[in-house]
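So you can see what is in the structure, the chains are spelled out below.
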Amino acid sequence: QVQLVESGGGLVQAADSLRLSCTASGRTYAMGWFRQAPGKEREFVSAIRWSAGSTYYANSVKGRFTISRDNAKITVYLQMDSLNPEDTAVYYCAATTSFRMVLTTAQTYDYWGQGTQVTVSS
C-alpha cells in the first residue's frame, strides 16, 4: 500500500506559475498527475517512470508543465508555468508499483492522492 500526499495548489493569476508536490510513502514504478475540472472527466496531465525518468505530457500542457522527481524524497513535482484559466481543476497525484506500458490512463494507477485545488483567474 502506497500513500500519496499532495501539496502546492492555490489561487493564481493567468500567466503565473505554481509547483505541485506529491510524496509517496514507498517506492513506485511510475507516478502521474491528473486533473478534473467541474463537470468534466478526469484527464491525464503528465507522468514519469521512476527508474528510467521517462516523461509524458498531455498536448494541452506540453511546453508549459514540467514533471520531475526527487529519488531521495520519493517526491514528484509538477512545475506549471504560463497558467491559464483552462488549467483550473483539482489536481490528483497517482502512482503504480507495477510495470505499466501505458501511463496516460487513470486505470493504470493503483493509488491516488486526495487532490489539490488549482484556480487560475483571468
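Preceding block: the structure.
What counts as what
Residues numbered from 1 in each chain as written. Predicted model: local features only at pLDDT ≥ 70, side-chain atom pairs only at ≥ 80, totals over all residues. Heavy atoms only, no water. Disulfide = S-S within 2.5 Å. Helix = DSSP H or I, 4+ residues; strand = E, 2+ residues; numbered from the N terminus. Buried < 20%, exposed > 50% of the residue type's maximum accessible area, 1.4 Å probe, protein only. Pairing = 2+ DSSP bridges. Core = buried A, V, L, I, M, F, W, Y, C linked by side-chain atoms within 4.5 Å. Contact = heavy atoms within 4.5 Å. Axes fitted to C-alpha atoms, helices over the stretch in contact; angles between N-to-C directions.

**Thoughts on the state of the cysteines**
By definition, a disulfide links two cysteine residues through a covalent bond between their sulfur atoms.
1) Next: Scanning the model with the defined rule gives 1 disulfide in all.
2) Next: Linked covalently through their sulfurs, C22 and C93 form a disulfide whose S-S length is 2.0 Å. Around the S-S axis, the bridge from C22 to C93 shows a dihedral of about -85° and counts as left-handed. Within this pair, whereas C22 is found in strand β3 (residues 18-24), its partner C93 is found in strand β9 (residues 89-96), the two being separated by 71 residues in sequence. The pair formed by C22 and C93 is uniform in burial state, with each residue classed as buried.

**Digging into the pairing of strand β5 (residues 43-49)**
Both faces of the sheet carry side chains from a regular strand, because those side chains alternate between them.
1) Next: Burial of β5 is extensive: 6 of the 7 residues sit out of reach of the surface.
2) Next: Examined bridge by bridge, strand β4 (residues 30-36) and β5 share 6 bridges and lie antiparallel to one another. Bridging from a neighbouring strand, R35 pairs with E43 of β5.
3) Next: Between the end of β4 and the start of β5, which pair antiparallel, lie 6 residues, with G39 showing a positive phi angle near 80°.

**Some details on the nonpolar core**
1) Next: Of all hydrophobic cores here, the largest spans 36 residues; its most connected members are L4, M31, W33, V76, L78, M80 and Y91.
2) Next: Of all elements in the fold, only β3, β4, β5, β7 (65-70), β8 (75-80), β9 and β11 (116-121) reach the threshold of two or more residues within this core.
3) Next: Broken down by element, the residue count for this core peaks at 5 residues, all from β9.
4) Next: If we ignore the near neighbours within four places in the chain, the residues touching M80 are D16, S17, L18, L20, R64, F65, Y91 and V118.

**Let's talk about the sheet that holds β7**
1) Next: With respect to topology, 4 strands assemble into an open sheet ordered β1-β3-β8-β7, the strand pairing being antiparallel. The open sheet has two edge strands, β1 (4-7) and β7, and neither has a second partner. Shown here is a sheet whose adjacent strand axes are inclined to one another by a mean of 15°, direction ignored.
2) Next: Sheet topology note: the β1/β3 ladder contains 4 bridges and is antiparallel. Each bridged residue has a counterpart across the sheet, and for E6 the counterpart in β3 is C22.

**Points about the environment of A37**
1) Next: Note on placement: A37 falls in the loop between β4 and β5.
2) Next: For the pair A37 and S60, spaced 23 residues apart in the sequence, the C-alpha separation amounts to 14 Å.
3) Next: If we skip the residues at most four places from it in the chain, A37 touches T88 and A89.

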